[in-house]
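Chain by chain, the residues run as shown.
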Amino acid sequence: MARPKTVLIDRGMIIRESIKLLEKGGLDGFNLRALATRLSAHPSSIYHYYDGRAAILSAVAGSILRDVPVPPMQDDWRDWAVDTTMAYWRALLERPFIIAILLAGYEPATGVRSQLGTTMTEAGISPRRQGEILHAWEGCVFGFAQVYSANPGAEGVESLDDVAETLRRTLRFILND
């Protein structure tokens, strides 16, 4: 069969339909055959744009996380780091499937992590301590997001503002340790 003369799908369509699939069925419900069906395309057509499932998942997470508003740098880099992390946490609450993508090891390119690393290096924090901080932060952010998104408004679950304040204090504690 000859190739169509007009492009039927593109990267943006693949990302948008992938997000819809992930919102509906999570990471377990995401596969290229289902995506191709949503796009009215053959699964092999997707490989023209992405190397496979992992590349699509990384692109999806990157697409969403790149849209997170990063606050301007502040006098105290710790305030900036906490504010930036809180913005990411709120994005994870809106689309909890991103947590599963990140925990599965798919690394989106956003630039914020490297910016945070540069900022910590300039503040005199050793690479080892930077790694400890990032791992602790990710654990807190993912955990807080999963717990809240699984049970928003449930009895015994704090309000979103209370959870946000607890996370903010936890992140500050990790930095000041």
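These numbers were taken from a predicted model, which means no experiment stands behind them. (Residues numbered from 1 in each chain as written. Predicted model: local features only at pLDDT ≥ 70, side-chain atom pairs only at ≥ 80, totals over all residues. Heavy atoms only, no water.)

S.K.: Looking at this structure, I do not really get the environment of Asp83. What am I missing?
M.R.: Structurally, Asp83 is set in helix α5 (residues 77-94). The spacing of Asp83 and Ala59 is 24 residues in sequence and 24 Å in space, taken between C-alpha atoms. In contact with Asp83, other than residues within four places in its own chain, are Pro71, Gln74 and Arg168. A polar contact is formed between the side chain of Asp83 and the side chain of Gln74, at a distance of 2.7 Å. (Helix = DSSP H or I, 4+ residues; strand = E, 2+ residues; numbered from the N terminus. Contact = heavy atoms within 4.5 Å. Polar contact = N/O pair within 3.5 Å; in protein donor to acceptor, adjacent residues only side chain to side chain.)

S.K.: In this structure, what is going on with the packing of α5 against helix α7 (residues 112-122)? I would like to understand it.
M.R.: To describe two helices that pack against each other, one gives the angle between their axes and the distance between the axes. For the pair α5 and α7, the least separation of the axes is 11 Å and the interaxial angle reads 165°. Between α5 and α7, the angle is such that the two are roughly antiparallel. The hand of the α5/α7 crossing is left-handed. Here Trp77, Trp80, Ala81, Thr84 and Tyr88 of α5 come into contact with α7, specifically with Val112, Gln115, Leu116, Thr119 and Met120. Taken together, the residues that form the contact of α5 with α7 break down as 7 nonpolar, 3 polar and no charged. (Axes fitted to C-alpha atoms, helices over the stretch in contact; angles between N-to-C directions. Parallel < 35°, antiparallel > 145°, perpendicular 65-115°, else oblique. Left-handed = near helix turned anticlockwise from the far one by under 90°. Nonpolar A, V, L, I, M, F, W, Y, C, P; charged D, E, K, R; others polar.)

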